Amino acid sequence: MRKKEYLHHYLSWMTFCLVFSMNAQNTISYEISQLPAATISKNNVEFKDSLDNSTNLPIVVIKGKEVGNTLTILAGVHGYEYPPIIAVQEFLKEIEPEKLKGNLIVIPIANKASFYGRSPFKNPQDEVNLNNAFPGKLDGTVTERIAHYITQNIIPISDVFLDIHGGDASEDLIPFVCYYNNEAKSKATANAKLLSESSGFPNIVSYPYNIKDNEPAKYAFKQAVQDGKIGISFEAGALGNVQEEAVRLNKNGIYQVLKQLEMYPSEIDLPKKLVKYNNQAYIKVPVTGILYSELRAGDTVYKGQVIGHITNEYGEVLKKIRTPETGAILYKIGTPPVNQGETLMCIGIPLE
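Student: Would you mind showing me how to read the overall build of the chain here?
Tutor: A tally of helices and strands in the chain yields eight helices and 20 strands. Against the globule reference of 20 Å for 352 residues, the chain gives a C-alpha radius of gyration of 20 Å, in line with a compact fold. C-alpha extents for the chain along the principal axes are approximately 65 × 55 × 40 Å. Counting all 352 residues of the chain, 55% fall into the buried class. A total of about 15,800 Å² of accessible surface is found on the chain, and carbon and sulfur atoms cover 49% of it. Across the chain, the mean location of the 35 positive side-chain charges is 4 Å away from that of the 38 negative side-chain charges.

In structure tokens form, the structure reads like this:
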């Protein structure tokens, strides 16, 4: 069976624009049902917690001219990861609802306080990392309430869930698309693999799925996978900057996913060679200090190789770092300060 058939089996510009303001109890499902075909609507879902923190979640709903799949695109879970956010901004300017089959749910910046506060990883209002908060809490902090809203209102009506990330302020990484190898949900996993291989990203990473259905998923697209959806994630961009190539990869990846789902036409060239990584080795920071390493994301490292060292504030070497496996550096801390227990480096082990 062809890729498009397998995916399909599983699963002029806007006519006019509507703007809605919702509270956290309203549903996007109802919003979609009320929209005319070939329409785009912009929504703000309001959140407030017991600590008197308040924020809102911008959601763009695009209803196509024909009935089809529903794809959710989530960006800005980490507000310091700019290429995904800019890619979605460009995509929203370009998408033509009259050419769309199915529905798009787009969250252009999930963590607005992190974005405008220039805060890596965490929402500065409650010091919670949205990418560690799923499935969230109805009565939790604002970040936990956002996670709860996405879990309860967005994921259930999504056929495919695309979570777009990049390198945060301290992260150097190579561009890759990833999915979870959830053997208990083999059809969704097979489709996630096909979408990943057709996304236009040259590096494909398969993560092991090792949680039970009653355990917190923590990550947004892992929550979608736990709930039986087709979930994939893009990673492009590094060190809290806007790289044009990373923006292009993210945006083209969105179009490629839409094309494979037969939701929207696309004529984008795919890479001639894909590099697949089916296992990972993680190096944790052994001691707080200052990192010295000449290696960059994408470099090949070998088992037992010294990849850098950590000093104290006086420049005295505290610890040399060696790699436990041979492979390519998928991502690493790319700035000098490191704290004990953080992930210093993730090494992708290629599929042989």
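Student: Is there a simple way to think about the sheet that holds strand E17 (residues 317-322) in this case?
Tutor: One key point about sheets: their strands pair by backbone hydrogen bonds, in either a parallel or an antiparallel sense. Sheet architecture is open: four strands sit in the order E17-E16-E14-E19, paired in antiparallel fashion. Unpaired on one side and paired on the other, E17 and strand E19 (337-338) mark the two borders of the sheet. In terms of strand pairing, strand E16 (residues 306-311) meets E17 through five bridges, oriented antiparallel. Following the sheet pairing, His309 is matched in E17 by Lys320.

Student: Explain the confidence of the model for the chain to me, please; I cannot follow it from the model alone.
Tutor: With 93% of its residues at a pLDDT of 70 or more, the chain has an overall mean of 93. The low-confidence segment residues 12-16 (pLDDT under 50) makes 18 contacts with residues lying over four places distant or belonging to another chain.

Student: When you look at empty space enclosed by the protein in this model, what are you seeing that I'm missing?
Tutor: Unfilled space is identified by rolling a water-sized probe across the atoms. Its boundaries defined by the atoms lining it, the largest cavity holds a volume of some 50 Å³. Lining the largest cavity we find Tyr180, Asn182, Lys185, Ala188, Thr189, Ala192, Val225, Lys229, Ile230 and Gly231. Among the secondary structure elements, those contributing two or more residues to the lining of the largest cavity are helix H6 (186-197) and strand E12 (230-235). Among the elements that line the lining of the largest cavity, the one with the most residues is H6, at three residues. Tallied by class, residues from the lining of the largest cavity come to five nonpolar, three polar and two charged.

Student: Help me understand the environment of Thr141, please; the structure alone is not making it clear to me.
Tutor: Relative to the assigned elements, Thr141 resides in the loop between strand E7 (128-129) and helix H5 (142-154). For Thr141 and Leu51, which are 90 residues apart along the polypeptide, the C-alpha to C-alpha distance reads 7.4 Å. Once residues lying within four places of it in the same chain are set aside, the contact partners of Thr141 are Asp49, Leu51, Asp126 and Val128.

Student: Looking at this structure, how should I read the packing of aromatic side chains?
Tutor: For any pair of aromatic rings, the description rests on two quantities: the centre-to-centre distance and the angle between the ring planes. Enumeration according to the criterion identifies ten aromatic pairs in this entry. Between the aromatic rings of Phe91 and Tyr255, the centroid separation amounts to 5.3 Å while the plane-to-plane angle is 65 degrees, which identifies the pairing as edge-to-face. Residue Phe91 is located in helix H3 (residues 82-94), and its partner Tyr255 is located in helix H8 (residues 244-260); the two are separated by 164 residues in the primary sequence. Centre to centre, the rings of Tyr180 and Tyr207 are 5.8 Å apart; their planes meet at 40 degrees, and the pair counts as tilted. Here Tyr207 lies in strand E11 (residues 203-208) and Tyr180 lies in strand E10 (residues 176-181), a separation of 27 residues in the sequence. On the basis of relative accessibility, which here comes to 7%, the residue Tyr180 falls in the buried class. For Tyr207, a relative accessible area of 11% puts it in the buried group. Through a chain of ring-to-ring contacts, three or more aromatic side chains come together here, namely Tyr80, Tyr82, Phe115 and Tyr116.

Rules of the game
Residues numbered from 1 in each chain as written. Predicted model: local features only at pLDDT ≥ 70, side-chain atom pairs only at ≥ 80, totals over all residues. Heavy atoms only, no water. Helix = DSSP H or I, 4+ residues; strand = E, 2+ residues; numbered from the N terminus. Rg over C-alpha atoms; globule rule 2.2 N^0.38 Å. Buried < 20%, exposed > 50% of the residue type's maximum accessible area, 1.4 Å probe, protein only. Areas by Shrake-Rupley, 256 points an atom, 1.4 Å probe, with all protein chains shown as cover. Lys, Arg positive; Asp, Glu negative; His and termini not counted. Charge placed at Lys NZ, Arg CZ, Asp CG, Glu CD. Pairing = 2+ DSSP bridges. pLDDT = per-residue confidence, 0-100. Contact = heavy atoms within 4.5 Å. 1 Å grid on protein atoms, 1.4 Å probe; cavity = no way out; pocket = protein on both sides within 12 Å on 5 of 7 lines; lining within 4 Å. Points joined across faces, edges and corners; volume = space filled by probe spheres on them. Nonpolar A, V, L, I, M, F, W, Y, C, P; charged D, E, K, R; others polar. Phe/Tyr/Trp six-rings, centres within 6.5 Å; stacked < 30°, edge-to-face > 60°.

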